[in-house]
Amino acid sequence: MKLPSPLIHPGWLRAMHWANALAVVVLMMSGWRIYDATEFLGFAIPKALTLGGWLGGAIQWHFAAMWVLGINGLLYLAFNLASGRLFRRFFPLSPRAFLADLRAALAGRLAHADPHRYNMVQRVAYLFVMADSVLLVLSGLVLWKSVQFPLLRELLGGYETARYLHFFAMAALAGFVAVHLVMVALVPRTLLHMVRGH
Amino acid sequence: MIIQKPRPLAIQRDAVLREAVERIRQPARRDFLRRSLTLGGLSLLTGCSLVDEDSVEVALTRVSRFNDDVQGWLFDPNRLAPTYPESMITRPFPFNAYYGEDEVRQVAEESYRLEVTGQVADKRKWTLAELRALPQADQVTRHICVEGWSAIGKWGGVPFKAFLQQVGADLGARYVGFKCADDYFTSIDMPTALHPQTLLALTYDGQPLPPKYGFPMKLRMPTKLGYKNPKHIQAIFVTNTYPGGYWEDQGYNWFGGS
């Protein structure tokens, strides 16, 4: 009998990853519909990519999925800190190793040989997306309740600045998702790891 | 047995058509779902098919009511919205309504009477002169629109708490509702009604409220989104029965706080 290979992603992490993926898809597509209500950057996002059908519907989806992202994100950070996984998998960081790995990645020579260890590019990318998500939630909180969170509002540069931060943090997350999906397409077994755990 | 002669078909067809047109005109709650379920993209991405559309609507509405509760809990009656210097006023201040600017309602000053009903001791009607004779206050605050823009304006008028006390309103009631001359209606929670910055606004930028900003009177609340700030107010009522609102009944969040 063949023994299963050791676990790469624990069950809690996989559950949170997929809940997060769903929340991010709903938040982005409904957020694009909300953006289209004013198009404050001068362009519209095609309606076919948006969720909710009209502003009120998009807001309902957005304000439902925000709970999934917020609660899931807090649990993710808590589990990662408590289990020591955050420091084990994402640290230490080395700028020199990052540049070397980045060069190798861009040349198409970066191997995902050991799925138990993230290379420097992965570490930086995942840490970046964690920080970006925190910024998305905080700037979203300012847009939702700017009067009730005055300190947060002022830290993020005021109400209107928070709107731009929210949009550009979304764009950065969309960029991450695009690269993430390309990498999954290039190394398909990572998808199996995230589904089965090993 | 009397067999009724069927009515001429033309009249029936007319009635059916009239009813259909009426239904289209009425912004019903069903509209929200019809407009929201262009979910092709989401279904494709998640691989789910949202078969039971009603249960999706029910779930989203339930989360929206949960969001009302959370916002009510987060609302601090002593926390003030930021105020700004007059130099920061947005000029021109944007016009916004559920209709175009060419359809702005004109309310006649002489015949105007504000009705106050529901759980209040004093149900007499108010003329504009009487409202102007009450103590007034000014504020320069940010109007935040649900569509994703904001603008700073200067409003003046009667602090709403003082007015509610004046008419002997039951300040423990849950809702204050508004009916407007432009057929708009909305309702707010009592804690927001009693917030020190909630104003029964009679002026804009030091002048009587122009028609496009809601003559003769609008409710101005910097702690709530724009659609919660009714214009052309004709009637105010205090109640414990949930009154809903024009946009709220179509799916906008009821609390609508900022």
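It should be emphasised that the depicted structure is a prediction, and the values quoted were computed from it without experimental measurement.

A. Just the pairing of strand E5 (residues 185–189) of chain B, in detail. Residues and elements named next belong to chain B. Across the 5 residues that make up E5, a large majority, 4, are buried. Sheet topology note: the strand E4 (residues 175–180)/E5 ladder contains 5 bridges and is antiparallel. Considered in E5, the bridge of Gly 177 is made with Ser 187. Where E4 folds back onto E5 in an antiparallel hairpin, the turn is made up of 4 residues, including Asp 183, whose phi is positive at roughly 65°.

B. Seen up close, the sheet that holds strand E1 (residues 115–118) of chain B. All names here are of chain B. Reading across from one edge, E1-E9-E4-E5 is the order of the 4 strands in this open sheet, with mixed pairing throughout. The open sheet is flanked by E1 and E5, the only strands paired with a single partner. Looking at each pair of strands side by side, their axes are set apart by 20° on average, direction ignored. Note: E1 against strand E9 (residues 233–239), 4 bridges, orientation parallel. In the strand pairing of E9, Thr 117 is matched with Phe 237.

C. Just the interface of chain B and chain A, in detail. The partner chain A presents 33 residues to the 40 residues of chain B that form the contact. Each partner contributes to the roughly 3,100 Å² buried at the junction of chain B and chain A, and carbon and sulfur atoms together form 67% of this total. Applying the counting criterion to the chain B and chain A interface returns 0 salt bridges. Between chain B and chain A we count 11 residue pairs in polar contact (both at pLDDT 80 or more) in total. Among the elements of the structure, helix H2 (29–36), helix H3 (40–46), helix H4 (53–74), strand E2 (137–145) and strand E3 (149–159) of chain B are those that each provide at least two residues to the side of chain B that touches chain A. Top contributing element to the side of chain B that touches chain A by residue count: H4(B), with 10 residues.

D. Quick look at the layout of surface pockets. Residue and element names in this part refer to chain B. Approximately 430 Å³ is the volume attributed to the second largest pocket. Considering the residues around the second largest pocket, the lining is formed by 28 residues, among which Asn 96, Ala 97, Gly 226, Tyr 227 and Lys 231 are closest to the centre. Put simply, the parts of the chain that give the lining of the second largest pocket at least two residues each are E2 and E3.

E. Region of interest: the UniProt feature "domain: Oxidoreductase molybdopterin-binding" (unreviewed entry) in chain B. Within this numbering scheme, the UniProt entry marks residues 104–247 of chain B as carrying the feature "domain: Oxidoreductase molybdopterin-binding" (unreviewed entry). With 12% helix and 37% strand, the stretch residues 104–247 of chain B has end C-alpha atoms that lie 18 Å from each other.

F. Examining empty space enclosed by the protein more closely. For the structure on display, the rule yields 2 cavities of 30 Å³ or more. Roughly 70 Å³ of internal volume is contained in the largest cavity. Taken together, A:Ser146, A:Val147, A:Arg153, A:Tyr159, B:Ala81, B:Pro82, B:Tyr84, B:Thr141, B:Arg142, B:Ile144 and B:Pro222 make up the lining of the largest cavity. Considered class by class, the residues forming the lining of the largest cavity number 7 nonpolar, 2 polar and 2 charged.

Here is what the cut-offs are and how they apply
- Residues numbered from 1 in each chain as written.
- Chains lettered and ligands numbered in written order.
- Predicted model: local features only at pLDDT ≥ 70, side-chain atom pairs only at ≥ 80, totals over all residues.
- Heavy atoms only, no water.
- Buried < 20%, exposed > 50% of the residue type's maximum accessible area, 1.4 Å probe, protein only.
- Helix = DSSP H or I, 4+ residues; strand = E, 2+ residues; numbered from the N terminus.
- Pairing = 2+ DSSP bridges.
- Axes fitted to C-alpha atoms, helices over the stretch in contact; angles between N-to-C directions.
- Contact = heavy atoms within 4.5 Å.
- Buried area = accessible area lost by both parts, 1.4 Å probe.
- Salt bridge = Lys/Arg side-chain N within 4 Å of Asp/Glu carboxyl O.
- Polar contact = N/O pair within 3.5 Å; in protein donor to acceptor, adjacent residues only side chain to side chain.
- 1 Å grid on protein atoms, 1.4 Å probe; cavity = no way out; pocket = protein on both sides within 12 Å on 5 of 7 lines; lining within 4 Å.
- Points joined across faces, edges and corners; volume = space filled by probe spheres on them.
- UniProt positions renumbered as here; feature names shortened; annotations may be inferred.
- Nonpolar A, V, L, I, M, F, W, Y, C, P; charged D, E, K, R; others polar.

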